[in-house]
Amino acid sequence: AGVLHVVATPIGNLGDLSPRAQAVLREVDAICAEDTRHTRQLLSQFGIATPLLALHEHNEDALAQRLVARLQAGQSLALVSDAGTPLVSDPGYRLVRAAREAGLRVSPVPGPSALVAALSVAGLPSDRFAFEGFLPAKASARRERLAALAGEPRTLIFYESSHRIDDMLADAVAAFGGERRAVLARELTKLFETVLDGTLAQLHARVVADADQRKGEFVVMVEGAGDDGEARLVEGRRVYALLSGHLP
Ligand code: SAM
């Protein structure tokens, strides 16, 4: 049977497509891509002409079975997404699962991911972290999710797009407090790469004041709740319990 290769592609800088990724993408029978036009453009820079198949959230279930049949027939396939590592806030999970359930070999060609790239330059505690991906688009759901994370001691990592970065930081200030340390990684490996650190309130003010700091793609990292936050929370609950006994 053939192998499904899960291949990471650049998050901006073409130089980050590894030699092994290039070789695999050249040699497989077909490449499953999120946006075939986007991937065709990337591959053409490397003189790779492998056939492409569109695999996105809407057709993934149906296509997965057909792709599994091709693998069983001995073909080899690669899975890529538009940028970075497939399955990380990108399609591919259903295909990988279907292939594994069919007993097929699934093999990674590791490489760029905005998540790890951002963490590697943030200077926030990185021994343990919680990747939250994209927050809900709806304000009420987003605030709810952030509120639920306020006591999380691990470094929190979010993906965010340019049109919501302002609102997201405002909501983070409200949920975590303006004094919480955070790092904003923008346009990593690209021309306007910027890594800003400060308190959440400072970062929000910066993004509001400077339209350039709202452009591009973002990874937002927030330091986990420290012992102080934890202690305040416990104290708050204790006082509330005491008071609620005396309230009508
Ligand atoms: N699979 C990708 C990965 O491994 O990083 C992530 C795909 S997700 C649909 C796209 C999001 O990743 C963007 O909205 C942004 O939050 C983040 N991202 C991707 N490229 C980035 C870059 N060069 N700099 C900062 N963030 C980036």
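Residues numbered from 1 in each chain as written. Predicted model: local features only at pLDDT ≥ 70, side-chain atom pairs only at ≥ 80, totals over all residues.

A. Structural view of the site of the ligand. Close to the ligand lie 24 residues; Gly84, Ser113, Ala114, Tyr159 and Leu188 are nearest. Among the secondary structure elements, those contributing two or more residues to the shell around the ligand are helix 5 (114-122), strand 7 (155-161), strand 8 (181-186) and strand 10 (217-222). (Near = placed C-beta within 6 Å. Helix = DSSP H or I, 4+ residues; strand = E, 2+ residues; numbered from the N terminus.)

B. Quick look at the pairing of strand 8. Counting buried residues in strand 8 gives six out of six residues, a clear majority hidden from the surface. Of the strand pairs in this sheet, strand 8 and strand 9 (residues 194-199) are connected by six bridges, and their pairing is antiparallel. By the bridge assignment for strand 9, arginine 181 is matched with threonine 199. In terms of strand pairing, strand 8 meets strand 10 through five bridges, oriented antiparallel. Following the sheet pairing, arginine 186 is matched in strand 10 by phenylalanine 218. (Buried ≥ 20, exposed ≤ 12 C-beta atoms within 10 Å, placed from the backbone. Pairing = 2+ DSSP bridges.)

C. Local environment of the sheet that holds strand 8. Spatially, five strands are ordered 6-7-10-8-9 in an open sheet, and the strand pairing comes out mixed. Looking at the sheet topology across the chains shown, the edges are occupied by strand 6 (129-134) and strand 9. This sheet shows a mean twist of 15 degrees between the axes of neighbouring strands, independent of strand direction. Most of the contacts of helix 8 (residues 200-209) go to strand 9, to which it runs at about 130 degrees, and overall it touches strand 8, strand 9 and strand 10. (Axes fitted to C-alpha atoms, helices over the stretch in contact; angles between N-to-C directions. Contact = placed C-beta atoms within 7 Å.)

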